[in-house]
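For reference, the chains in residue letters:
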Amino acid sequence: MNVQFDFTGRHVMVFGGTTGINLGIAQCYARAGARVTVASRKQANVDAAVATLGAAALGVVADVRDEQTVAVALAQAVERHGPIDVLVSGAAGNFLAPADQMSSNAFKVVLDIDLLGSFHVARHAVQHLHPGGSSLIFITAPQSVVPMAYQAHVCAAKAGVDQLTRVLALEWGARGVRVNAISPGPIAGTEGMRRLAPQGEQVMPW
Ligand code: HXC
Ligand code: NAP
């Protein structure tokens, strides 16, 4: 991919940035010269991601559901690379399940990763964002506005991420934090699409 922007010397941190779309985002920033930090739950994913992100890259194990591990990951990132210029929050979980067969815990686990996790990341990151101006980017999904069958948990969680984005833009814009959400369409070859269209269906199940 031909990268057309320059992030030389900037610090970009991506939560959930070790596979799929979020790793692609981290790799684009790395190619544009950024010093990149990625964080996710699994050491193997962290190690594999860092190996693709250049010598300066830092990988940290953290579960966004656990705000202490988020806080520690941020502290380690800032110690290595300094204040964060761009913070991407993209950790997510998904599976297909009819609402009447979805346990309370199955619903909750996606809320905890996607929505509560986004809040944990933002809440603990804001003190580490570059005082001269920074960008906070949430990764949402079409399910935030389009109701999709077997996606009650994801639809609720990502709708919450959208509203969290709007509220934080109001609260933090005046102090130089630009807050946005990106909603990718269906991206072939990703874990998300393997879960939503396991047979490679052309027509989605909703
Ligand atoms: C029904 C399920 C289930 C399934 C898990 N559960 N999978 N219920 N159908 N297929 C239930 C479990 O039975 C349990 O409920 C509860 O969910 C928690 O499951 P755990 O396995 O204990 O959770 P955990 O180990 O924390 O794993 C979280 C996870 C997992 C979300 C379930 O799949 C995961 O780690 N996913 C991360 C990767 C991922 O999903 N990537 C895709 C993102 S794409 P009980 O009641 O038994 O305790 C995306 C949107 C894509 O977000 C949009 C495309 C257009
Ligand atoms: P993916 O490859 O499964 O990426 C999810 C990432 O989040 C992984 O790095 C995973 O690593 C990490 N993660 C999961 N649970 C975590 C937790 N509790 N704490 C910290 N990290 C966690 O999925 P993807 O399909 O590329 O999707 C990436 C993002 O794009 C998600 O926000 C998704 O909702 C959104 N999206 C995807 C599509 C699509 O077509 N795929 C479409 C629209 C939106 P570990 O397992 O190591 O934790």
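Not measured: the values here are computed from a predicted model.

### Here's the deal with the packing of aromatic side chains
Two descriptors summarise a pair of aromatic rings, namely the distance from one centre to the other and the angle between the planes of the rings.
Move 1: Under the defined criterion, the tally for this structure stands at three aromatic pairs.
Move 2: An angle of 75 degrees between the planes, with centres 6.0 Å apart, marks the rings of phenylalanine 5 and tyrosine 29 as edge-to-face. Here phenylalanine 5 is found in the segment before β1 (11-15), whereas its partner tyrosine 29 is found in helix α1 (residues 20-31), with 24 residues between them in sequence.
Move 3: Here tyrosine 29 falls in the buried class, since its relative accessible area comes to 13%.
Move 4: Ring geometry for phenylalanine 7 versus tyrosine 29: centroids 5.0 Å apart, planes at 75 degrees, classification edge-to-face. Of the two residues, phenylalanine 7 is situated in the segment before β1 and tyrosine 29 in helix α1; the sequence distance between them amounts to 22 residues.
Move 5: We classify phenylalanine 7 as buried; its relative accessible area is 18%.

### Let's talk about the site of ligand 2
Move 1: The full set close to ligand 2 counts 31 residues, and Thr19, Ser40, Arg41, Ile187 and Thr190 are the nearest of them.
Move 2: At a separation of 3.1 Å, an oxygen atom of ligand 2 approaches a polar backbone atom of lysine 42.
Move 3: The contact in question runs from an oxygen atom of ligand 2 to an N or O atom on the backbone of glycine 192, over 2.9 Å.
Move 4: Considering ligand 2 on its own, with 880 Å² of exposed area, one finds that the protein chains cover 91% of that surface.
Move 5: Counting only elements with at least two residues in the shell around ligand 2, the list comes to α1 and α6 (191-196).
Move 6: Here the shell around ligand 2 is composed, by residue class, of 13 nonpolar, twelve polar and six charged.

### Thoughts on the site of ligand 1
Move 1: Not every one of the 18 residues close to ligand 1 is listed here, only the nearest: Arg41, Arg65, Asn94, Ser103 and Arg195.
Move 2: Measuring from an oxygen atom of ligand 1, one finds a side-chain N or O atom of serine 103 at 2.6 Å.
Move 3: With the chains in place, 61% of the 1,100 Å² that ligand 1 exposes on its own is no longer accessible.
Move 4: Going through the elements one at a time, α4 (104-125) and α6 are the ones with two or more residues in the shell around ligand 1.

### Focus: the sheet that holds strand β5 (residues 134-139)
Move 1: Strand order in this open sheet of six strands is β3-β2-β1-β4-β5-β6, and the pairing throughout is parallel. Of all strands in the sheet, those bounded by a partner on one side alone are β3 (58-61) and β6 (177-182). In this sheet, adjacent strand axes meet at a mean angle of 15 degrees when their direction is disregarded.
Move 2: Taken together, the four bridges between strand β4 (residues 86-89) and β5 define a ladder with parallel strand orientation. Bridge pairing in β5 places serine 89 opposite phenylalanine 138.
Move 3: Strands in contact with helix α3 (residues 67-81) are β1, β2 (35-40), β3 and β4; relative to β1, the strand with the most contacts, it is inclined by about 160 degrees.

Rules used throughout
- Residues numbered from 1 in each chain as written.
- Chains lettered and ligands numbered in written order.
- Predicted model: local features only at pLDDT ≥ 70, side-chain atom pairs only at ≥ 80, totals over all residues.
- Heavy atoms only, no water.
- Phe/Tyr/Trp six-rings, centres within 6.5 Å; stacked < 30°, edge-to-face > 60°.
- Helix = DSSP H or I, 4+ residues; strand = E, 2+ residues; numbered from the N terminus.
- Buried < 20%, exposed > 50% of the residue type's maximum accessible area, 1.4 Å probe, protein only.
- Near = heavy atom within 4 Å.
- Polar contact = N/O pair within 3.5 Å; in protein donor to acceptor, adjacent residues only side chain to side chain.
- Areas by Shrake-Rupley, 256 points an atom, 1.4 Å probe, with all protein chains shown as cover.
- Nonpolar A, V, L, I, M, F, W, Y, C, P; charged D, E, K, R; others polar.
- Pairing = 2+ DSSP bridges.
- Axes fitted to C-alpha atoms, helices over the stretch in contact; angles between N-to-C directions.
- Contact = heavy atoms within 4.5 Å.

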